[in-house]
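One letter stands for each residue in the lines below.
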Amino acid sequence: MDRKQIKRALVSVYHKDKLEIIIEKLHADGVEFISTGGTQSFIESLNIPCKSVEEITGYPSILGGRVKTLHPNIFGGILARREQEDDQTQLTQYEIPEIDLVIVDLYPFEATVAAGADGLAIIEKIDIGGISLMRAAAKNFRDVAIVASQDQYEPFLDIISENGAGTTLEERFWLAKEAFSVSSHYDTAIFNYFDSGEETAFRMSENNAKILRYGENPHQRGIFYGKFDDMFEQLQGKEISYNNLLDIDAAVTLINDFEDITFAILKHNNACGIASRPVLVNAWLDALAGDPVSAFGGVLVTNGVIDKETAEEMNKIFFEVVIAPDYDLDALEILSHKKNRIILILKDVRMKPKQYRSLLNGVLVQDKDVHTETVHDLKIVTEKTPSTSEIEDLLFANKIVKHSKSNAIVLAKNKQMCASGIGQTSRIDALEQAIEKALSFKFDLAGSVMASDAFFPFPDCVQIAAEAGITAVIQPGGSIKDQDSIETCNRNGVSMVTTGYRHFKH
């Protein structure tokens, strides 16, 4: 095995946590150290000798620390190819020491931006020397090992603990790959700061790859990139799948629009049951009543703390995932009896404002649909004015239809979804599907309301709704046939409000 001995290491890091054991191990194996400023002081505090970069370069740190390591005596020692005679001749000619290991990290640019620092402070956190050292060592991975962040401390320590201060070509290649991951992520953050919302190019970087069992179907490979644990605490359950993640995202996006105590059941990214009630167990029971058949194997989400009584009712059906802000201990004991059941605590995390979709060998980007209509957005366009309870139901239904696949119609009554028609190629089909489904589950649609995710191109939907007993309608408006729909409402004693906001979802 091609194992190269580490004789000399350059160490220059911003974060020194967990570095001590690596330095001590390398020192025990006879490695010499070169360092700068605070890192040199740290190494010397361990009673380990360390040369300063200034001793190697013959120049002091200048320009307020902006230039320390940028010198041929440093980069020549990193980039020199050990097997090339010309490179070795030049090292000898200019008395440049070989450097076999670089341990470096980068100034915390992203954290500085996130902290709201001023522009000058942010610019000073753009690393120059560190990222140059990183790229140089990674480029020359055939001869040099690079440790580019604290995330690599542990695997690197494993390498040198097992076989001493040396690395194989395979290990150096892996370390170089990790270094380029760090540098590309860093440059992405800097570009996006300078681009400042202009979106002149698409740059996105997510670490923490999680290999999934498979993608949407078993023959497809699936990977999730992101920090799932920053959003959720998984208390128990099987490994989360690609389809689980899609449903979890849809569930969280939906429930975030509700302030009242609400319970929702989702299947294939759409709500099949949802209700708002003052008491959580009643919200669950009424959500389940919306479609007890589709609820089987669904994803459950609530914005209330799940108590024992609610857990006992939930436990009567099979479901894959439950999401809540918290659980009472006795409720958790009930829900955890089925070990494969995924139980998640939703943390208070801000969602990113953009959506991305790959298509046509490119990427489609848009702002997320974060607008949720309130009573102030409603424009009454009919002779009849909706009652206070109807307005509450209209807003309730409109939140649901916003998160339903187009074409979508939602029927609701007393803050309970009676049924929905989703993913249909015509709005009439969506409405008829919803009415048929509601009646099949014995809902009385008299006095119910209807929400549409887009305007009515013709008045036929309004006529069908009126004949089914629906008394109030909410829609975006904007069709050239709006007046026909309004007149149809007036003839049938139905009230209509428009919002001006369309909510297509594909």
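Details of the structure are given in the entry above.
Residues numbered from 1 in each chain as written. Predicted model: local features only at pLDDT ≥ 70, side-chain atom pairs only at ≥ 80, totals over all residues. Heavy atoms only, no water.

**Thoughts on the overall build of the protein**
Working step 1: When you go through the protein residue by residue, the secondary structure sums to 19 helices and 23 strands.
Working step 2: With the C-alpha coordinates of the protein rotated into their principal frame, the extents come out at 95 × 50 × 40 Å.
Working step 3: Burial analysis of the protein (506 residues in total) assigns 47% to the buried set.
Working step 4: At a minimum sequence separation of 6, the contacts of the protein that also span at least 24 residues come to 56%.
Working step 5: Accessible area of the protein: about 25500 Å², with a carbon and sulfur share of 51%.
Working step 6: For the protein, the centre of its 51 positive side-chain charges and the centre of its 74 negative side-chain charges are spaced 3 Å apart. (Helix = DSSP H or I, 4+ residues; strand = E, 2+ residues; numbered from the N terminus. Buried < 20%, exposed > 50% of the residue type's maximum accessible area, 1.4 Å probe, protein only. Contact = heavy atoms within 4.5 Å. Areas by Shrake-Rupley, 256 points an atom, 1.4 Å probe, with all protein chains shown as cover. Lys, Arg positive; Asp, Glu negative; His and termini not counted. Charge placed at Lys NZ, Arg CZ, Asp CG, Glu CD.)

**Considering the packing of aromatic side chains**
Working step 1: Enumeration according to the criterion identifies 10 aromatic pairs in this entry.
Working step 2: Pairing Y14 with Y107 gives two aromatic rings, centres 5.9 Å apart and planes at 70 degrees, and the pair type is edge-to-face. Placement of Y14 in the loop between β2 (8-12) and α1 (20-28) and of Y107 in the loop between β5 (101-104) and α6 (109-114) is noted, with a sequence separation of 93 residues between them.
Working step 3: The exposure class of Y14 is partly exposed, given its relative accessible area of 39%.
Working step 4: Chaining the aromatic ring pairs together yields one cluster made of F109, Y186, Y193 and F194.
Working step 5: Taking the ring centre of F191 as reference, the NZ or CZ of R203 above it sits at 5.5 Å.
Working step 6: The ring centre of F319 lies 4.0 Å from the NZ or CZ of R341, which sits over that ring. (Phe/Tyr/Trp six-rings, centres within 6.5 Å; stacked < 30°, edge-to-face > 60°. Lys NZ or Arg CZ within 6 Å of the ring centre and 35° of its normal.)

**Section: a nonpolar patch on the surface**
Working step 1: Among the surface-exposed residues, F202, M204, Y356, V363 and V365 lie close enough to one another that they form a single nonpolar patch of about 420 Å² accessible area.
Working step 2: With respect to the helices and strands, the residue V363 is situated in strand β17 (residues 362-367). (Patch = residues over 30% accessible without salt bridge, like charges linked within 9 Å, V, L, I, M, F, W, Y side chains within 5 Å. Salt bridge = Lys/Arg side-chain N within 4 Å of Asp/Glu carboxyl O.)

**Things to note about the pairing of strand β11 (residues 262-267)**
Working step 1: Most of β11 sits inside the fold, with five of its six residues counted as buried.
Working step 2: Examined bridge by bridge, β11 and strand β12 (residues 270-276) share six bridges and lie antiparallel to one another. Bridge assignment links F263 to a residue of β12, and that residue is A275.
Working step 3: Note that β11 and strand β13 (residues 298-302) share four bridges and pair antiparallel. Bridge assignment links I265 to a residue of β13, and that residue is L300. (Pairing = 2+ DSSP bridges.)

**Quick look at the side chain of T39**
Working step 1: You can see T39 is positioned in helix α2 (residues 37-45).
Working step 2: Among the residues examined, T39 registers a relative accessible area of 2% and is labelled buried.
Working step 3: Those residues in contact with T39 that sit more than four places away from it in its chain are V11, S12, V13 and K16.

**Description of the pairing of strand β14 (residues 319-324)**
Working step 1: β14 sits mainly inside the fold: five of its six residues count as buried.
Working step 2: Here β13 runs beside β14; their pairing, made up of four bridges, is parallel. Looking at the pairing, V301 lines up with I323 of β14.
Working step 3: Viewed along the sheet, the connection from β13 through helix α14 (residues 308-314) into β14 turns out right-handed.
Working step 4: By the bridge criterion, four bridges tie β14 to strand β15 (residues 342-346) in an arrangement that is parallel. Among the inter-strand pairings, V321 is bridged to a residue of β15, identified as I342.
Working step 5: Taking the sense of rotation as the criterion, the β-α-β connection linking β14, helix α15 (residues 329-335) and β15 turns out right-handed. (Right-handed = clockwise from strand over helix to strand, strands pointing away.)

**Observations regarding the nonpolar core**
Working step 1: Membership of the largest hydrophobic core comes to 55 residues, with the highest contact counts inside it found for L26, F33, I78, I103 and I146.
Working step 2: Those residues in contact with I103, other than ones at most four positions away along the chain, are L10, V11, S12, V13, L19, I22, L26, V147 and Y153.
Working step 3: Membership of the second largest hydrophobic core comes to 40 residues, among which are L245, L254, A271 and L344. (Core = buried A, V, L, I, M, F, W, Y, C linked by side-chain atoms within 4.5 Å.)

**Brief notes about helix α17 (residues 427-440)**
Working step 1: The end-to-end C-alpha distance of α17 is 20 Å, a good match for the 20 Å that 14 residues give at a rise of 1.5 Å each.
Working step 2: For α17, the complete set of buried residues consists of R427, A430, L431, A434, I435 and A438. Seen end-on, α17 carries its buried residues on one side only, within an arc spanning 130 degrees.
Working step 3: Those residues of α17 that are buried lie in contact with β19 (409-413), β20 (416-421), β21 (449-452) and α18 (460-467).
Working step 4: K442 sits one or two positions beyond α17 and adopts a positive phi of about 65 degrees. (Expected span 1.5 Å × (residues − 1). Arc of directions from axis to C-beta.)

**Overview of the environment of K4**
Working step 1: One can find K4 in strand β1 (residues 3-5).
Working step 2: You can call K4 buried: its relative accessible area is 19%.
Working step 3: As a C-alpha pair, K4 and I223 span 219 residues in sequence and 34 Å in three-dimensional space.
Working step 4: Other than its neighbours up to four places away in sequence, K4 contacts E83, R142, D143, A165, G166, T167 and R172.
Working step 5: In terms of polar contacts, K4 uses its side chain to reach the side chain of D143, at 3.3 Å. (Polar contact = N/O pair within 3.5 Å; in protein donor to acceptor, adjacent residues only side chain to side chain.)

**A few points about empty space enclosed by the protein**
Working step 1: On inspection of all chains with the given rule, the structure shows one cavity of 30 Å³ or more.
Working step 2: Estimated volume of the largest cavity: approximately 30 Å³.
Working step 3: Around the largest cavity, the lining residues are K4, Q5, I6, D100, D143, V144, A145, T167 and R172.
Working step 4: Residue composition of the lining of the largest cavity, grouped by class: three nonpolar, two polar and four charged. (1 Å grid on protein atoms, 1.4 Å probe; cavity = no way out; pocket = protein on both sides within 12 Å on 5 of 7 lines; lining within 4 Å. Points joined across faces, edges and corners; volume = space filled by probe spheres on them. Nonpolar A, V, L, I, M, F, W, Y, C, P; charged D, E, K, R; others polar.)

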